[in-house]
Amino acid sequence: MEIGERLKEARETKDISLDSLQETTKIQKRYLVAIEEGNFQILPGKFYARAFIKEYANAVGLNPNELLEEYKEEVPKTEDEHDAPYTRIQRTRKESNTEKSPAIFSLMPTIIVILLVIGIILAALFFYTQATSGGDESSPQEEQNDNEIIINNPDDNDQDNNEDAEEESTEEIEGTEETESEEAEEEEQSEAEFSLVEEGAGSPPESTFDLTNAGEEITLTLESSGNTWLDVQNGDGESLHSAEFTEDDSPMEFDISDEERIYLSIGNAPDLTVTINGEELEYPIDPSVEVFQKIWIDINNET
């Protein structure tokens, strides 16, 4: 008996329809039929065959590891199927940031010189203005007739000085209040944050995350560095994407602002990067160990 017949027999024994099995495993019905008939070449890739068979076996109550060991000569091998490193995109971003930093530091001497020149010019203008205003104030007194008597009221000068001081103090207070208000607003604005609620068990593992502080507009971005099988659904089971996902398709974005939950079924996790509003999701289980992973994301915007 071939492995596909063994799986089909277990499914029929438990009276599970293909439609029901598709709902449980999130694997398309045509792939389930292909597995039962032994047509593994129809599947998206060789490593998907092992992942889909394990998922099928779990759903019908068979031990997937023992089943794969028993039919190891029949199931396609997955060696060297996916060598693309998981953190290729992350390394590219880090290298880009590293290349930009020296350019900024090389401009520092030029910036310092420009600031010094501006400071010298402002100081010269200040002293020139003081000298000019002092000469103008003495001129009217020299032109006065000998018979004219000029009485300066010291109270007027004191009053003017007090008014100027009050205006400067008010401006300083207003500036300080605006700065504090802007700082407070920046502190209130926090970035989206993932919190692991449940780390998946079994094979493939199914994990749950909480997403907080995402804001009113929420964008799910998916980037593939190779070849990935991807199924994306909302909390109502509506499929947003269910097909093979390659590097040429990247990046793929979904507006999930109105969703409460998002489900991801990932066939080749090392090649897939998941971010929401710029915040990257870290896989709870090493993707090099479990290439097939299922993830639920509960969206909670209460702060």
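Residues numbered from 1 in each chain as written. Predicted model: local features only at pLDDT ≥ 70, side-chain atom pairs only at ≥ 80, totals over all residues. Heavy atoms only, no water.

1. Observations regarding the sheet that holds strand β2 (residues 206–212)
Phase 1: Ordered in space as β1-β2-β10-β7-β4-β5, the six strands form an open sheet in which the pairing is mixed. The outermost strands of the open sheet, each flanked by one partner alone, are β1 (193–198) and β5 (239–246). Across the sheet, the axes of successive neighbouring strands diverge by a mean angle of 20°, strand direction being ignored. (Pairing = 2+ DSSP bridges. Helix = DSSP H or I, 4+ residues; strand = E, 2+ residues; numbered from the N terminus. Axes fitted to C-alpha atoms, helices over the stretch in contact; angles between N-to-C directions.)

2. Overview of the packing of helix α2 (residues 18–25) against helix α4 (residues 46–59)
Phase 1: Close contact between α2 and α4 brings their axes to 10 Å; oriented N to C, the two are set at 110°. As far as their axial angle goes, α4 and α2 are roughly perpendicular. Between α2 and α4 lies a crossing whose hand is right-handed. Contacts from Leu-21, Thr-24 and Thr-25 in α2 reach Glu-55, Tyr-56 and Ala-59 in α4.
Phase 2: Here the residues of the contact of α2 with α4 are counted per class, giving three nonpolar, two polar and one charged. (Parallel < 35°, antiparallel > 145°, perpendicular 65-115°, else oblique. Left-handed = near helix turned anticlockwise from the far one by under 90°. Contact = heavy atoms within 4.5 Å. Nonpolar A, V, L, I, M, F, W, Y, C, P; charged D, E, K, R; others polar.)

3. Focus: the nonpolar core
Phase 1: If you look at the biggest cluster of nonpolar residues, it comprises 29 residues, and the most contacted ones within it are Ile-3, Leu-7, Ile-35, Phe-52, Ile-53, Val-60 and Leu-67.
Phase 2: At the level of elements, α1 (3–13), α2, α3 (29–37), α4 and α5 (64–70) are the ones that each hand at least two residues to this core.
Phase 3: The greatest single-element share of this core, amounting to eight residues, is contributed by α4.
Phase 4: Counting 26 residues, the second-largest nonpolar core is a separate cluster that includes Ala-214, Leu-230, Ile-266 and Tyr-283. (Core = buried A, V, L, I, M, F, W, Y, C linked by side-chain atoms within 4.5 Å. Buried < 20%, exposed > 50% of the residue type's maximum accessible area, 1.4 Å probe, protein only.)

4. A few points about the sheet that holds strand β6 (residues 252–255)
Phase 1: With respect to topology, four strands assemble into an open sheet ordered β6-β3-β8-β9, the strand pairing being antiparallel. Edge positions in the sheet fall to β6 and β9 (279–280), since each of these pairs with one other strand and no more.
Phase 2: The sheet contact formed by strand β8 (residues 272–276) and β9 spans two bridges and is antiparallel. Residue Ile-276 lies in a different strand from β9, and its bridge partner there is Glu-279.

5. A closer look at the packing of aromatic side chains
Phase 1: Per the counting criterion, the structure on display carries eight aromatic pairs.
Phase 2: Ring centres of Phe-52 and Trp-229 lie 6.2 Å apart, and the angle between their planes is 80°; this geometry places the pair in the edge-to-face category. Of the two residues, Phe-52 sits in helix α4 while Trp-229 sits in strand β4 (residues 227–234), which places them 177 residues apart along the sequence. There is no split in this pair, since Phe-52 and Trp-229 are both buried.
Phase 3: With a centroid separation of 4.8 Å and an interplanar angle of 50°, the aromatic rings of Tyr-263 and Trp-296 are classed as tilted. (Phe/Tyr/Trp six-rings, centres within 6.5 Å; stacked < 30°, edge-to-face > 60°.)

6. A few points about unusual backbone geometry
Phase 1: Across the junction of Ser-250 and Pro-251, the peptide omega takes the value -10°, indicating a cis bond.
Phase 2: Mapped onto the secondary structure, Pro-251 falls in the loop between β5 and β6.
Phase 3: A positive phi angle, near 55°, is found at Asp-15, a position not held by glycine.
Phase 4: What makes Asp-15 exposed here is its relative accessible area of 70%.
Phase 5: Phi angles above zero are rare outside glycine, and Asn-213 is one such case at about 60°.
Phase 6: The topology assignment puts Asn-213 in the loop between β2 and β3 (219–224).

7. Examining the side chain of Glu-55
Phase 1: Inspection of the secondary structure assignment puts Glu-55 in helix α4.
Phase 2: Taking relative accessible area as the criterion, Glu-55 reaches 7% and is therefore assigned buried.
Phase 3: The contact partners of Glu-55, leaving out residues within four places of it in the chain, are Thr-24, Thr-25, Ile-27, Ser-203, Pro-204 and Lys-294.

8. Concerning the pairing of β5
Remark: a regular strand shows side chains that alternate across the two faces of the sheet.
Phase 1: In the sheet, β4 pairs with β5 via seven bridges, with the strands oriented antiparallel. Note on β5: the bridge partner recorded for Asn-227 is Thr-246.
Phase 2: Where β4 folds back onto β5 in an antiparallel hairpin, the turn is made up of four residues, including Gly-237, whose phi is positive at roughly 85°.

9. Describing the confidence of the model for the protein
Phase 1: When the pLDDT values of the protein are averaged, the result is 79; 72% of them are 70 or greater.
Phase 2: Mean pLDDT in the protein bottoms out at helix α6 (residues 88–106), which sits at 50, and peaks at α2, which reaches 94.
Phase 3: In this model, residues 80–96 is a region of pLDDT below 50 whose contacts with residues beyond four sequence positions or in other chains number 28 contacts.
Phase 4: Across residues 138–144, where pLDDT falls below 50, the model places one contact with residues more than four positions away in sequence or in other chains. (pLDDT = per-residue confidence, 0-100.)

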